[in-house]
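Chain residues, written in single-letter form:
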Amino acid sequence: MKETLLAKFAEIFGDTEGTKVYFAPGRVNLIGEHTDYNGGHVFPCALTIGTYAVARKREDNKLRFYSMNFEDLGVIESSLDDLKPSKEADWTNYPKGIIWAFGEKGMKVPSGMDLLLNGNIPNGSGLSSSASVEVLTGFILRDMFGFDVSNQDLALIGQFSENQFNGVNCGIMDQFAIAMGKEGHAIFLDTATLSYEYAPVKLENAKIVIACSNKKRGLGDSKYNERRSECEEALRELQKLVDVKSLGELSEEEFETLEGVINSPVRIKRARHAVYENRRTIKAVEALKNNHIDFFGNLMNNSHISLRDDYEVTGIELDTLVEEAWKVEGVIGSRMTGAGFGGCTVSIVKDKAIDTFIDQVGKAYEKKIGYKADFYVVEIGGGPTLL
């Protein structure tokens, strides 16, 4: 991979003198969806697929970006004097946003760079290709200019940039999972306090399989911000009766007794998902610690049902992938992962059933939806690194 990247860099930017090669992972969330902005827990892990970069410092203020995933766009040029989001900047709004965010946090980037990227995360899949690019850019800036920031800071800067520069009101999970990834472990993160622990994921004779629906979606213009504001409004209504800072503080029982104060059946459903999903995530981590993998799978299935019925973020593509997965013997659990409205499902599948799973689910999906899904058998990897 390194040789391929360097050869491409030389072809695009003339030579490879002064370059370094970097990697940041993608992530998948095993359970705990749409809880991260509701003060709840999430349980993501970094993957061994992600985004590679070749970067080189320049002597001037020029920024030159090239992506092997969007070769038709060619080199997109910008400058440190022009750190504003724009439609023409396309994907480069993500690295530009990070450079801008460093400046906002008092770390002005002193000179420009040439940056070549190549991701093996499917675009628009919901495996956080954008957060991977953000954390990767932050990691490069730290390495290149010696900024004093931790990996956790990189995650927070990434979220700040996505919220303020790119206008997506995302929670902290994606950037945190990528910046703080640890091989063989998922991260049990309390998004309200940022306290976290690594939990080993021991799947004996089973693997994580990601099915990409290939339905494209844009987070910023999806229903993401709408769901978020519905939950915020539900919380405001609950706060008239009870002193809580987030939906994540409530137990299922507390919610059941209080839900009548929420003045809309839709908002009740949204808030119910946030409360119950948070509790499911806490139970799921316990199940994994005690090696109760079947119970973990069951919680994944219930998570999908809640995302489909209460949060209404699944859609026919994701529902088809999950419902077909549930029919395959050897599937321990399956659910949509990510923001929804397209993107991916995550399933835990016994080794001996993986081929059948891919064949059976793939055929049923294509027959019903009219185009193919892609399948990835993935490993849990570490955080960003210099190669």
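In the block above lies the structure referred to throughout.
Residues numbered from 1 in each chain as written. Predicted model: local features only at pLDDT ≥ 70, side-chain atom pairs only at ≥ 80, totals over all residues. Heavy atoms only, no water.

(A) The arrangement of the overall build of the protein in detail. Broken down by element type, the protein carries eleven helices and 13 strands. The C-alpha atoms of the protein give a radius of gyration of 21 Å, which matches the 21 Å a tight globule of 387 residues would have. Once the C-alpha set of the protein is aligned to its principal axes, its extents read approximately 60 × 50 × 40 Å. Taking the contacts inside the protein whose residues are at least 6 apart along the sequence as the reference set, 72% of them involve residues at least 24 apart. Of note, the protein has its 44 positive side-chain charges centred 1 Å away from the centre of its 57 negative side-chain charges. (Helix = DSSP H or I, 4+ residues; strand = E, 2+ residues; numbered from the N terminus. Rg over C-alpha atoms; globule rule 2.2 N^0.38 Å. Contact = heavy atoms within 4.5 Å. Lys, Arg positive; Asp, Glu negative; His and termini not counted. Charge placed at Lys NZ, Arg CZ, Asp CG, Glu CD.)

(B) Spotlight on the side chain of Glu33. Examined against the element boundaries, Glu33 turns out to sit in the loop between β1 (20-29) and β2 (41-42). A polar side-chain atom of Glu33 sits 3.4 Å from a polar atom in the side chain of Asn29. Of the polar contacts made by the side chain of Glu33, one reaches the backbone nitrogen of Gly338; its length is 3.2 Å. Apart from residues no more than four positions distant in its own chain, Glu33 is found in contact with Met173, His273, Glu277, Leu307, Arg335, Met336, Thr337 and Gly338. (Polar contact = N/O pair within 3.5 Å; in protein donor to acceptor, adjacent residues only side chain to side chain.)

(C) Here's a closer look at the packing of helix α6 (residues 224-239) against helix α8 (residues 265-289). At a minimum axis distance of 9 Å, the contact between α6 and α8 shows a crossing angle of 95°. As summarised for this structure, α6 and α8 are arranged roughly perpendicular, according to the angle between their axes. Across the interface between the two elements, Arg227, Glu230, Cys231, Glu233, Ala234 and Glu237 from α6 touch Val266, Arg267, Arg270 and Ala271 from α8. Here the residues of the contact of α6 with α8 are counted per class, giving four nonpolar, no polar and six charged. (Axes fitted to C-alpha atoms, helices over the stretch in contact; angles between N-to-C directions. Parallel < 35°, antiparallel > 145°, perpendicular 65-115°, else oblique. Nonpolar A, V, L, I, M, F, W, Y, C, P; charged D, E, K, R; others polar.)

(D) Layout of the environment of Tyr311. Summarising the element assignment, Tyr311 is placed in the loop between α9 (293-309) and α10 (315-326). When the C-alpha atoms of Tyr311 and Glu254 are compared, they prove to be 19 Å apart, with 57 residues separating the residues in sequence. Apart from the residues within four sequence positions on either side, Tyr311 is in contact with His34, Tyr37, Asn38, Arg227, Cys231, Arg270, His273 and Ser306. A polar contact is formed between the side chain of Tyr311 and the side chain of Tyr37, at a distance of 2.7 Å.

(E) Focus on the sheet that holds strand β7 (residues 185-190). Strand order in the open sheet formed by three strands is β2-β7-β8, and the pairing between neighbours is antiparallel. Each edge of the open sheet carries a strand with a single partner, namely β2 and β8 (195-200). With six bridges joining them, β7 and β8 adopt antiparallel strand pairing. Residue pairing across strands places Asp190 opposite Ser195, the latter belonging to β8. (Pairing = 2+ DSSP bridges.)

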